[in-house]
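Close look at the chain arrangement
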Amino acid sequence: RSNLLTPLQITNILCKIYASPSYKYLYNSLPIAGRSGTISSLCKGHYAEGNLRAKSGFMSGVRSYAGYVKNRNNEMLAFALIINNHQLKSSAIKAKIEKLLEAIADL
């Protein structure tokens, strides 16, 4: 809770990594939407399934995701989102995040 990175800072880091030779190692280590890890149930039946890769984070009242997705124009996008102090049930916040991640893939 005392980490003070913003989503913009995380996205900037992901963009810098994308331009480095180490990118492929990070990319290949990330869970795949609809297929693996903590995002295995996200984006099923959507273009982002099998395409979006992200690290998730969970704490009481906090959800976060950061990673990469190729959009429908075949452009690689880096993203990060952090939702703090939400009062929603886990399933409700997950559904809202899923819609947001799918919207990013549709850009």
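As a starting point, this report considers the structure included with it. For every chain, the first residue of the written sequence is number 1, and numbering continues from 1 along that sequence. Owing to the predicted nature of the model, reporting of local features is limited to residues with pLDDT of at least 70; listing and counting of side-chain atom pairs is limited to 80 or more, with chain, interface and lining totals taken over all residues. Side-chain figures throughout are based on the complete set of non-hydrogen atoms in the structure, without hydrogens or water.

Examining the overall build of the protein chain
- Tallying secondary structure elements over the protein chain gives 3 helices and 3 strands in all.
- Counting from the amino terminus, helix and strand elements in the protein chain follow one another as α-α-β-β-β-α.
- Just to be clear, the radius of gyration here is over C-alpha atoms, and the globule rule we use is 2.2 Å times residues to the power 0.38. Its C-alpha atoms give the protein chain a radius of gyration of 13 Å, near enough to 13 Å, the size a compact globule of 107 residues would have.
- Dimensions of the protein chain, computed from C-alpha atoms along their principal axes, come out at roughly 40 × 35 × 25 Å.
- Within the protein chain, buried positions represent 37% of all 107 residues.
- Any pair of residues with heavy atoms lying within 4.5 Å of one another is described as a contacting pair. In the protein chain, the proportion of contacts linking residues at least 24 apart, taken out of those at least 6 apart, comes to 46%.
- Of the roughly 6,500 Å² of accessible surface on the protein chain, a fraction of 56% belongs to carbon and sulfur atoms.
- The protein chain carries 14 positive and 5 negative side-chain charges, and their two centres are separated by 9 Å. Helical segments are the DSSP runs of H or I of at least four residues, strand segments are the runs of E of at least two, and each set is numbered from the N terminus. Each residue is placed in one exposure class: buried if its accessible area under a 1.4 Å probe, protein chains only, is under 20% of its type's maximum, exposed if it is over 50%, and partly exposed if it falls in between. For the area figures, the Shrake-Rupley method with a 1.4 Å probe applies, and any residue is considered shielded solely by the protein chains shown. Positive: Lys, Arg. Negative: Asp, Glu. His and the chain ends are not part of the count. Lys charges are placed at NZ, Arg charges at CZ, Asp charges at CG and Glu charges at CD.

Things to note about the state of the cysteines
- When the sulfur atoms of two cysteines come within 2.5 Å, that pair is taken as a disulfide. According to the stated counting rule, one finds 0 disulfides in the structure shown.
- Its sulfur unpaired, Cys15 is 19 Å from the next cysteine sulfur, which belongs to Cys43.

A word on the nonpolar core
- Nonpolar core, defined: a set of buried Ala, Val, Leu, Ile, Met, Phe, Trp, Tyr and Cys residues in which side-chain atoms within 4.5 Å join the residues together. Ranked by size, the top nonpolar core spans 16 residues in total, and within it Ile39, Leu52, Tyr65, Phe79 and Leu101 carry the most contacts.
- Every element with two or more residues in this core is listed here: β2 (62-70), β3 (76-84) and α3 (90-105).
- For this core, the leading source of residues is α3, giving 5 residues.
- When residues no more than four places from it in sequence are discounted, the contact partners of Leu52 are Pro31, Ile32, Ala33, Ile39, Tyr68, Val69, Phe79 and Leu101.

Some words on the packing of aromatic side chains
- Ring pairs are drawn from Phe, Tyr and Trp, using the six-membered ring of Trp, whenever the two centres fall within 6.5 Å, and their geometry is named by plane angle: stacked under 30 degrees, edge-to-face over 60, tilted for the rest. Using the criterion set out here, one finds 6 aromatic pairs in the structure.
- On the numbers, 5.2 Å between centres and 90° between planes, the contact of Tyr23 with Tyr68 is edge-to-face. Highlighted residues: Tyr23 in helix α2 (residues 23-29) and Tyr68 in strand β2, separated in sequence by 45 residues. We note that Tyr23, like Tyr68, is buried.
- Each residue in the set Tyr18, Tyr23, Tyr27 and Tyr68 is aromatic and connected to the rest through ring pairs, giving one cluster.

Considerations on unusual backbone geometry
- Positive phi values are uncommon outside glycine, yet Asn74 reaches one of about 65°.
- As for its placement among the helices and strands, Asn74 is situated in the loop between β2 and β3.
- Judged by relative accessible area, Asn74 falls into the exposed class, the value being 54%.
- Notably, Asn85 is not glycine yet its phi reads approximately 55°, a positive angle.
- When you line up the elements, Asn85 lands in the loop between β3 and α3.

Re α3
- With 16 residues, α3 should cover 22 Å at 1.5 Å per step; its first-to-last C-alpha distance of 22 Å lies within 8% of that length.
- Of all the positions in α3, only Ile93, Ile97, Glu98, Leu101, Glu102, Ile104 and Ala105 are classed as buried.
- Where α3 is buried, its residues touch β2 and β3. Here the expected span of a helix is defined as 1.5 Å times the quantity of residues minus one.

Some remarks on the side chain of Ser56
- Note that Ser56 resides in strand β1 (residues 53-59).
- Non-local contacts of Ser56, meaning those with residues more than four positions away in its chain, are made with Thr38, Ser64 and Tyr65.

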